[in-house]
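# Structural overview
For reference, the chains in residue letters:
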Amino acid sequence: ILHFFFIFFLKKTKNNKYKRQYGITLDDYNKLLDTQNGCCAICKRHKSEFSMALHTDHNHATGKVRGILCQKCNRGLGFFNDDTELMKEAINYLIS
């Protein structure tokens, strides 16, 4: 019984976090992850390949959730400040 309450508490806490930070529920997160086949929206690696949960990516200006990403892809976007022109320059650099 204690295990049941612990799991319930964790889900409720996670649900509150998603609601507060992103305006979505844990159910919304799971549905979005299902539409991505349980994979990072960018690198397509499955969640089972990671020791950490996948991250909720969102537009920092609007707050709108864009997708679910692995830590590396999420941080990569963050390091480029979501600047698509800067990302294009990085791609050009890698290609040259």
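Refer to the preceding data block for the structure.
Here goes a summary of the coordinates provided. (Residues numbered from 1 in each chain as written. Predicted model: local features only at pLDDT ≥ 70, side-chain atom pairs only at ≥ 80, totals over all residues. Heavy atoms only, no water.)

### Notes on the nonpolar core
The line we're drawing: Residues grouped as a nonpolar core are buried Ala, Val, Leu, Ile, Met, Phe, Trp, Tyr and Cys residues, joined through side-chain atoms within 4.5 Å. Each residue is placed in one exposure class: buried if its accessible area under a 1.4 Å probe, protein chains only, is under 20% of its type's maximum, exposed if it is over 50%, and partly exposed if it falls in between. Each helix corresponds to a stretch of at least 4 residues labelled H or I by DSSP, and each strand to a stretch of at least 2 residues labelled E; elements are numbered beginning at the N terminus. Contact between two residues is taken to exist if any of their heavy atoms lie within 4.5 Å; hydrogens are not considered.
If you look at the biggest cluster of nonpolar residues, it comprises 14 residues, and the most contacted ones within it are Tyr-18, Ile-24, Tyr-29 and Leu-54. When residues of this core are traced back to their parent elements, those giving at least two are α1 (2-22), α2 (26-35), β2 (65-69) and α3 (71-79). Setting aside chain neighbours within four positions, we find Tyr-29 in contact with Tyr-18, Ile-24, Leu-54, Thr-56 and Ile-68.

### Regarding the pattern of salt bridges
Operational definition: Only one rule defines a salt bridge in this text: a Lys or Arg side-chain nitrogen within 4 Å of an Asp or Glu carboxyl oxygen.
Across all of its chains, the model carries 4 salt bridges by this definition. Measuring nitrogen to oxygen at the nearest pair gives 3.1 Å for the salt bridge that ties Arg-45 to Glu-49. Residue Arg-45 is classed as partly exposed on the basis of its relative accessible area of 32%. Residue Glu-85 pairs with Lys-88 through a salt bridge whose shortest N-O separation is 3.3 Å. In this pair, Glu-85 and Lys-88 are both assigned in helix α4 (residues 84-95), 3 residues apart and thus about one turn of the helix distant.

### Here's the deal with the environment of Arg-66
Heads up, the condition is: Contacts described as polar in this section are N or O atom pairs within 3.5 Å, which, within protein, must combine one atom able to donate a hydrogen with one able to accept it, while residues neighboring in sequence count only if both atoms come from side chains.
The topology assignment puts Arg-66 in strand β2. Between the C-alpha atoms of Arg-66 and Ala-41, which are 25 residues apart in sequence, the distance is 9.2 Å. Setting aside anything within four residues of it in sequence, one finds Arg-66 in contact with Asp-57, His-58, Asn-59 and Asp-82. At 2.8 Å, the side chain of Arg-66 and the side chain of Asp-57 are in polar contact.

### With respect to the environment of Asp-57
Note that Asp-57 resides in strand β1 (residues 55-58). In this structure Asp-57 comes out as buried when scored by relative accessible area, which is 7%. Through-space distance from the C-alpha of Asp-57 to that of Cys-70 is 9.3 Å; in sequence the pair is 13 residues apart. With near-sequence residues (within four places) excluded, Asp-57 lies in contact with Lys-64, Val-65, Arg-66, Gly-67, Leu-69, Asn-74 and Leu-77.

### Details of α2
For clarity, the cut-off: The arc in question is the one spanned by the directions pointing from the helix axis to the C-beta atoms.
Buried within α2 we find Leu-26, Tyr-29 and Leu-33. Looking straight down α2, one finds that the buried residues subtend no more than 60° of arc, so they occupy a single side. Exposed positions of α2 whose direction lies more than 90 degrees from the buried face are Lys-31, Asp-34 and Thr-35. Asn-37, located one to two residues past α2, shows a positive phi value of around 55°.

### Let's talk about the side chain of His-58
Note that His-58 resides in strand β1. According to the relative accessible area criterion, His-58 is buried, its value standing at 17%. Sequence-distant contacts of His-58, that is, excluding residues within four places in its chain, are made with Tyr-22, Gly-63, Lys-64, Val-65, Arg-66 and Asp-82.

Everything listed is a geometric property; what it means functionally is a separate question.
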